[in-house]
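# Analysis of the macromolecular model
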Amino acid sequence: MVNIGTTLVSPITAGSFSDYFEKINADISSVLNWAYDASIVWVLIVLLLATGIYFTIRSRFMQVRLFGHMFKVITDSRSGAKGGISSFQAFAIGLADRVGTGSIAGVALAVVAGGPGAVFWMWIVALVGMVTAFVEATLAQIFKVRNGDGTFRGGPAFYILRGLNSRKWGAVFAILLIFAYGFSFEMIQSNSISQLAEVSFGAPTWVTAVILTIMTLPLVLGGMRKIAVMSEYLAPIMALVYVVMGLLVMAINFHNIPHVFSEIFAGAFGGGTYVPPAVAGATGAFIAALTTGIKRGLFTNEAGMGSAPNAAATATVDHPVTQGMIQALGVFVDTMLVCTSTAFIILMSGPFWNPNRSAKQDGTALTSLSLVETLGSSPTTHTIVSVIVLVLMICFGYTTILGNFTYAETNYRYLAGLNKSVLPLKLLVIFSTFLGAVLPLPSVWSIADWATALMTIVNLGAILLLGKWAFGALRDYEAQRSKGETPIFCSVNNPHLPGELPTDVWDVPGGHHESWNEENATNQTEKFDAEK
């Protein structure tokens, strides 16, 4: 007791406070991770895989059958939106959020903690997750509502309310998402960027925090349309640049490609040469690869989590299935291209295999070091590659911060009212962006895992119950295509749907209300707020 009192009243230097804070964070993270791994992760694994497999069978493997058509749909979706935002812009917002630092830091952490085999389980989650993403995005379109300004809002909270008539569970999901995407994920993105800037160039974290906050202000305060326009260009470009860098690493180290694939497939089932830290034996290695791969796979591609449908619902499309297929393609782009690029960049480098690697060289810093080692053969190229990687990470993290905000905004409006001010949420996002850049956050990663797991469980339960609407819409879409028609959706007397749809959007073909005006939309939003 005396020792505790002495500790409390003794002077605390900046260094000792930092050490104390890091220890508290590590302790909290350890407890949360133990509880997560001992309980909820297995529920999540079973639900994710079972739901994805069930949807895959019920859709007759639509992610394979319609894979080529998905690319056609996305190239046809850049036309201007009538009142809302374009389908491609909604895809870009979802891509900007998926292809964030989680695809860089998250994959690196997964490979370190679970070994190369974690990549295999990320692939499996993505493969079945494409159909899960299709279902939830299609449902978001089916049950969306129109705002007074002509844009749309929708997502799990909305289809839980309208499809299942459950106000309570819609509110539970909205609260979980606001906490995850308005707070903890914003901190994770800014933290990853500030750590990389510090490791690569010695930049103080507070400088990065100020820069990120200033960058975030105008677009967060500007709203959905400005974020959509920026994401439409920046997200695909940064993803392409990063994948090209990954291909360069593979080209330079092409002789190691068979070995990397061997390590991935062997490691997935407890084999391989790499032994993850804190595991023992083949069984422990298998469990580490399985659980880490699924956790990080969910965090990066978000299929089934219920986040991307918030962006999918904002698009103006003629048929809900169109946006469902576009969002399914987003899962493929994120995991099979971006995350796989990260994995190969790391597994083909020396820093990953170095047993004396510092803990600060995990996450984004490990990916950066791996790229620099392969592509930066001279001091000049070393500096150039380091700068390019830092700029890429800033773009990844920045667009994800903005994408996170759009998701949180949709759910904030669900709780507060469609036409209510979102200033409190904007201030939270700005504060979280600054705070995350200056604090060590192992516990925030753990809290984010819990938030995403609970969100996912609520969302999976909802889409399992409502999946009949998405598959009915898919039958309608394919029936029109088989006749050589351009699919246009109308819910009235539609023989493919399980019943009459409660909607003010799809009661006319394509949702094109010729008599729509701001007054009508305002009446619809007031009706929805009263419905809640």
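Structure shown above.
In this report, the structure presented in the accompanying data block is examined.

Reading the values: the criteria
Along each chain, residue indices are assigned from 1 in the same order as the chain's sequence is written. Reporting in this predicted model follows two pLDDT cut-offs: at least 70 for local features of residues, and 80 or more for side-chain atom pairs to be given and counted; totals over whole chains, interfaces and linings ignore these cut-offs and use all residues. For the side-chain quantities, the full set of heavy atoms in the structure was used; hydrogens and water were omitted. What counts as a salt bridge is simple: a side-chain nitrogen of Lys or Arg found within 4 Å of a carboxyl oxygen of Asp or Glu. Secondary structure counts use DSSP, requiring at least four H or I residues in a row for a helix and at least two E residues in a row for a strand, with both numbered from the N terminus. Throughout this description, buried means an accessible area under 20% of the type-specific maximum (1.4 Å probe, protein chains only), exposed means over 50%, and partly exposed covers the range between. A pair of Phe, Tyr and Trp rings is counted when the ring centres sit within 6.5 Å of each other, with Trp represented by its six-membered ring. The angle between the planes then sorts it: under 30 degrees is stacked, over 60 is edge-to-face, the rest tilted.

Following the criterion strictly, the structure yields 4 salt bridges and no others. Arg65 is the partner of Glu478 in a salt bridge, and the nearest nitrogen-oxygen pair spans 2.9 Å. With Glu478 in helix α20 (residues 442-482) and Arg65 in helix α3 (residues 62-65), this pair connects stretches of sequence that are 413 residues apart. A salt bridge links Arg153 to Glu409; the nearest nitrogen and oxygen atoms lie 3.3 Å apart. Residue Arg153 is located in strand β2 (residues 152-153), and its partner Glu409 is located in helix α18 (residues 379-416); the two are separated by 256 residues in the primary sequence. The burial state of Arg153 is the same as that of Glu409; both residues are buried. One salt-bridge network, in which partners are shared between bridges, spans Arg60, Arg65 and Glu478.

This brings us to the packing of aromatic side chains. Applying the stated rule across the entire model yields 20 aromatic pairs. Aromatic side chains Phe179 and Phe183 sit 5.8 Å apart centroid to centroid with 40° between the ring planes, which places their arrangement in the tilted category. Residue Phe179 and its partner Phe183 are located together in helix α9 (residues 167-201), separated by 4 residues, close to a single helical turn. Judged by relative accessible area, which is 37%, Phe179 ranks as partly exposed. Here Phe183 falls in the partly exposed class, since its relative accessible area comes to 25%. Here the aromatic residues Phe120, Trp121, Trp123, Phe261, Phe265, Phe269, Phe286 and Phe344 are joined through ring pairs into a cluster of three or more.

Such coordinate-based values are descriptive only and should not be taken to indicate function.
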